[in-house]
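# Survey of secondary and tertiary structure
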Amino acid sequence: MPTSQAEAFYEREALDRFLPTACTRGPWDADSQHAGPPAALLGLAVEQRPGGRPEMRVARLTYEIMRPVPIRPLTVTTRVLRAGRSVELVEVGLTPDGGDEVMRATALLMKTAPDSVPEVSPGRQVPGPGDAPSKAFFPVPWDQGYHTAMDVRFAAGSFLESGPATAWMRMRVPLVAGEEITPLSRVLTAADSGNGVSAELDFHHYVFINADLTVGLHRHPEGEWVCLDARSMVDGAGIGLAESTLHDEKGPLGHSTQTLYVAARG
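Structure report, in brief.

About the cut-offs
Residues numbered from 1 in each chain as written. Predicted model: local features only at pLDDT ≥ 70, side-chain atom pairs only at ≥ 80, totals over all residues. Heavy atoms only, no water. Helix = DSSP H or I, 4+ residues; strand = E, 2+ residues; numbered from the N terminus. Contact = heavy atoms within 4.5 Å. Buried < 20%, exposed > 50% of the residue type's maximum accessible area, 1.4 Å probe, protein only. Axes fitted to C-alpha atoms, helices over the stretch in contact; angles between N-to-C directions. Parallel < 35°, antiparallel > 145°, perpendicular 65-115°, else oblique. Left-handed = near helix turned anticlockwise from the far one by under 90°. Nonpolar A, V, L, I, M, F, W, Y, C, P; charged D, E, K, R; others polar. Core = buried A, V, L, I, M, F, W, Y, C linked by side-chain atoms within 4.5 Å.

## A closer look at the environment of Ser 4
- Inspection of the secondary structure assignment puts Ser 4 in the segment before strand 1 (10-14).
- Sequence separation between Ser 4 and Ala 113 is 109 residues, and the spatial gap between their C-alpha atoms is 40 Å.
- Setting aside anything within four residues of it in sequence, one finds Ser 4 in contact with Glu 11, Leu 19, Pro 20 and Thr 21.

What follows is the structure, given as structure tokens:
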């Protein structure tokens, strides 16, 4: 059950301890979080790591999702694996009260020097959020959760259609109560939705659960909106892959991938 009533995904109880709210609840299990908010929470821990240097920027985050993240108080651990002049490697983990670690991420940070090289950012442009209508979320059996905490608009496709889709997403509440939302948090809160946005199989009959998430960013995100231009591929043996090109209103900024376990519902 939710441990905080704050109008946010989490309430900070201590420097490394967070209380989840009902906004974190995913669409499949009333007692488990959607992976987007905890992914963003680990990304925030990377940004707020002790001794962090402002010129170092997250270029890649790779998450291992060991088990569903319960809606229970969470402790975040942070460890710097390498702190070089141009590259830094940071490991962060998430452990609920009374349980084992449920999610772990390795972050690769790189030193930035603005305007030091020519900017190159090819990629397909997508219609902006102003041209994308709001469409219904697929049926969820509870009134409050991730599905109500996110504003979602589709430039192509929808949750109720199978196949590739292009969805703009915006957080309706802060990640942590009373704290400003960072641009990285906006991307990470949305990036785990690629497999749902681009589902090829009917969720009434199949599960397509991602066991990992990798987010690579060549550019720092800007603005409130994040777009997932997403598609999914599934092999008959039960392994799938969801790929999303990530955009903000300026244009493409990176990619995310999710490895999927696909099976018929029992």
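## Quick word on the environment of Leu 19
- Along the chain, the position of Leu 19 falls in strand 2 (residues 17-20).
- Look at Leu 19 and you get buried, because its relative accessible area is 11%.
- Sequence separation of Leu 19 and Thr 75 is 56 residues, and the distance between their C-alpha atoms is 9.1 Å.
- Contacts of Leu 19, omitting those with residues within four sequence positions, involve Thr 3, Ser 4, Phe 9, Tyr 10, Glu 11, Glu 13 and Pro 73.

## Topic: the packing of helix 1 (residues 36-47) against helix 3 (residues 183-191)
- Orientation of helix 1 relative to helix 3, taken along the N-to-C sense of each, is 150°, at an axis distance of 7 Å. Our classification of the angle between helix 1 and helix 3 gives roughly antiparallel. The element helix 1 and its partner helix 3 pack so that their crossing is right-handed. Mapping the contact onto sequence places Gly 36, Ala 39, Ala 40, Gly 43, Leu 44 and Glu 47 in helix 1 and Leu 184, Ser 185, Leu 188 and Thr 189 in helix 3.
- Within the contact of helix 1 with helix 3, the residues separate by chemical class into 5 nonpolar, 4 polar and 1 charged.

## A short note on unusual backbone geometry
- Even without glycine at this site, Asp 115 takes up a positive phi of about 65°.
- Tracing the backbone through its elements, the reader meets Asp 115 in the loop between strand 6 (103-111) and helix 2 (146-149).
- A relative accessible area of 82% means that Asp 115 is categorised as exposed.

## Concerning the nonpolar core
- With 65 residues, the main nonpolar core has Phe 9, Leu 61, Tyr 63, Leu 94 and Met 103 as its most contacted residues.
- A per-element tally of this core places helix 1 first, with 7 residues.
- Setting aside its immediate chain neighbours within four residues, Tyr 63 contacts Ala 39, Leu 42, Gly 43, Met 103, Arg 104, Ala 105, Leu 188, Ala 211, Asp 212 and Leu 213.
- Core analysis: the next-biggest nonpolar cluster, separate from the first, contains 5 residues, Val 126, Trp 168, Trp 225 and Cys 227 among them.

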